[in-house]
Amino acid sequence: MADLPSSEAARRLTARLKMRHLALLLQIRQHGSLTRAAERMAISQPALTNTLTELEGMFGAPLFERSVRGMTPTALGEVVLGRAQAMLQDLQRMVDDMDAVAAGHAAHLHVGVTPFIPGRILSAAVHQARPDGQRLTVTLHEGAIAQLLTQLRDHTLDLVIGPAVAGLDLSQLAFETLYRQPPRLIASRRLAAQLGRHRLDWRRLAELDWILGAPQTGMRAQLTDLFLGAGVPPPMPVAESGSPRLIGEMISASERAISILPADIAEELGRVTGVAIIPYSFNWSPPPTALYSRAGTAPRAAERLFSAALRESCRLYYPDAGTFG
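Residues numbered from 1 in each chain as written. Predicted model: local features only at pLDDT ≥ 70, side-chain atom pairs only at ≥ 80, totals over all residues. Heavy atoms only, no water.

Per an unreviewed UniProt entry, the recorded name for the chain is LysR family regulatory protein, and the organism is Bordetella ansorpii. Of the chain, the UniProt comment under Sequence similarities (unreviewed entry) reads exactly: "Belongs to the LysR transcriptional regulatory family." (UniProt positions renumbered as here; feature names shortened; annotations may be inferred.)

Structure (structure tokens):
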């Protein structure tokens, strides 16, 4: 294919390449075996072998390397498989949009969110995004930021909302900062009242039962730095959870439990679970929350409307959010 003019290669693929070909290639990569891929696709192995030979002829070079350990994609194969995954996901997104239109909605968006995104900004964005007066159908997919960005790149997701932390793979992606929040310590109401009557004492805090989020997060790293800066060994958590609701419920049920969360989540948990914020302040803020999208492609109208509604929701709830940090 590298020896063909790009226009000729495009014409050849347009005339001969079919969606089922892309599905076959993905099955071969998943199983690493023509035999297992053929079984999964309910076709004979000779038929699959002939189809792969035909496809490699279309692309002008091998897509897989064969060895005793199985089949692995070549460099060209990785490029083709990446695009194949995105094309099939786009086909599924088209089906989702068709179902949404049939139900009287304008489109169906798939949005990835990390656990510590407050529900009120998502709810406001969903209800404000109304293309031509119609509602959107929005499916929210919760997960870790790195996993969600991988799904954004392969077109499983349309947008992602999560922290802008160092070390993320941002290839093929664009992002914009939405807001920042200061950190807040939370505890049961009784414990928060007791601690609030005294100056911040890191040694006393280290003796409490800490319930924290995932280990590899900016908040955990900052908390460790705060204890070390005060000359106090950082406490080992008694529990870890990626669910703000579970953290809130565990803290409200204990007279010794404590946690640190972004202010908006801490306030939301105060309303939902009855925890209280300890009135201490810190000279740092967690990583900002950002909106991620795919770079180099024109966003759909529904994505533009949802993004605009999300920005407006953030401006409404966090007018001073950018002043922290």
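From this point, things continue past the structure.
A. Inspection of the overall build of the chain at higher detail. Within the chain, the regular secondary structure consists of 13 helices and twelve strands. At 25 Å, the chain has a C-alpha radius of gyration far larger than the 20 Å of a compact globule built from 325 residues. For the chain, the spread of C-alpha atoms along the three principal axes comes to 75 × 55 × 35 Å. Once local pairs closer than 6 in sequence are excluded, the contacts in the chain between residues at least 24 apart make up 75%. For the chain, the exposed surface amounts to about 16,700 Å²; the carbon and sulfur share of it is 53%. Across the chain, 33 positive and 30 negative side-chain charges occur, with their mean positions spaced 2 Å apart. (Helix = DSSP H or I, 4+ residues; strand = E, 2+ residues; numbered from the N terminus. Rg over C-alpha atoms; globule rule 2.2 N^0.38 Å. Contact = heavy atoms within 4.5 Å. Areas by Shrake-Rupley, 256 points an atom, 1.4 Å probe, with all protein chains shown as cover. Lys, Arg positive; Asp, Glu negative; His and termini not counted. Charge placed at Lys NZ, Arg CZ, Asp CG, Glu CD.)

B. Structural context of the pattern of salt bridges. Here the structure, examined in full by the defined rule, presents nine salt bridges. With its nearest N and O atoms 3.1 Å apart, the salt bridge here joins Glu56 to Arg66. Of the two residues, Glu56 is situated in helix 4 (residues 45-59) and Arg66 in strand 1 (residues 64-67); the sequence distance between them amounts to ten residues. Given a relative accessible area of 14%, Glu56 falls into the buried group. Judged by relative accessible area, which is 46%, Arg66 ranks as partly exposed. (Salt bridge = Lys/Arg side-chain N within 4 Å of Asp/Glu carboxyl O. Buried < 20%, exposed > 50% of the residue type's maximum accessible area, 1.4 Å probe, protein only.)

C. Fine view of the UniProt feature "domain: HTH lysR-type" (unreviewed entry) in the chain. The feature "domain: HTH lysR-type" (unreviewed entry), as given by UniProt, occupies residues 17-74 in the numbering adopted here. Measuring from the first to the last C-alpha atom of residues 17-74 gives 19 Å, for a span that is 62% helix and 14% strand.

D. Spatial organisation of the packing of aromatic side chains. For the structure shown, the criterion picks out five aromatic pairs. Taken together, a centroid distance of 4.9 Å and an interplanar angle of 70° make the contact between Trp202 and Phe227 edge-to-face. Taken together, the residues Trp202 in helix 9 (residues 202-206) and Phe227 in helix 10 (residues 218-229) connect sequence positions 25 residues apart. For the pair Trp202 and Phe227, a shared accessibility class is recorded, and that class is buried. The rings of Trp202, Trp210, Phe227 and Phe282 are connected pair by pair, giving a single aromatic cluster. (Phe/Tyr/Trp six-rings, centres within 6.5 Å; stacked < 30°, edge-to-face > 60°.)

E. Just a nonpolar patch on the surface, in detail. A surface patch of nonpolar side chains, amounting to about 500 Å² of accessible area, comprises Met19, Met87, Leu91, Met94, Val95 and Met98. Sort the elements by how many residues they give to the nonpolar patch and helix 5 (residues 75-102) lands first, with five residues. Turning to its location among the elements, Met94 is positioned in helix 5. The exposure class assigned to Met94 is partly exposed, which follows from its relative accessible area of 45%. (Patch = residues over 30% accessible without salt bridge, like charges linked within 9 Å, V, L, I, M, F, W, Y side chains within 5 Å.)

F. Inspection of helix 6 (residues 119-128) at higher detail. By the burial criterion, the buried members of helix 6 are Ile121, Leu122, Ala124 and Ala125. Angular distribution of buried residues about the axis of helix 6 spans 165°; they occupy a single face of the element. Those residues of helix 6 that are buried lie in contact with strand 3 (108-113), strand 4 (137-142), strand 5 (159-163), strand 6 (173-179) and helix 13 (301-317). (Arc of directions from axis to C-beta.)

G. Focus on the sheet that holds strand 12 (residues 289-294). Strand order in the open sheet formed by five strands is 4-3-5-12-6, and the pairing between neighbours is mixed. If you trace the sheet from one side to the other, it starts and ends with strand 4 and strand 6, each paired once. Pairwise comparison of adjacent strand axes, ignoring direction, gives a mean angle of 25° for this sheet. Pairing between strand 3 and strand 5: three bridges, direction parallel. The residue of strand 5 that forms the bridge with Gly112 is Val160. (Pairing = 2+ DSSP bridges. Axes fitted to C-alpha atoms, helices over the stretch in contact; angles between N-to-C directions.)

H. Structural context of the sheet that holds strand 9 (residues 239-240). The strand order across the open sheet built from five strands is 9-8-10-7-11, with neighbouring strands paired in mixed fashion. Edge positions in the sheet fall to strand 9 and strand 11 (276-278), since each has one partner strand and no second. Bridge analysis of strand 8 (residues 209-212) against strand 9 gives two bridges, and the strand direction is parallel. Each residue of the ladder has a partner; that of Ile211, found in strand 9, is Ala239. Helix 12 (residues 263-272) contacts strand 7 (183-187), strand 10 (257-262) and strand 11 of the sheet and is inclined by roughly 130° relative to strand 10.

I. Representation of the domain arrangement of the chain within the structure. Domain boundaries in the chain define domain 1 (4-82), domain 2 (104-180 + 288-317) and domain 3 (183-277). Taken residue by residue, the interface counts seven residues in domain 2 and ten residues in domain 3. Between domain 2 and domain 3 we count two residue pairs in polar contact (both at pLDDT 80 or more) in total. Taken together, the residues that form the side of domain 2 that touches domain 3 break down as five nonpolar, one polar and one charged. (Domains from an automatic or database assignment. Polar contact = N/O pair within 3.5 Å; in protein donor to acceptor, adjacent residues only side chain to side chain. Nonpolar A, V, L, I, M, F, W, Y, C, P; charged D, E, K, R; others polar.)

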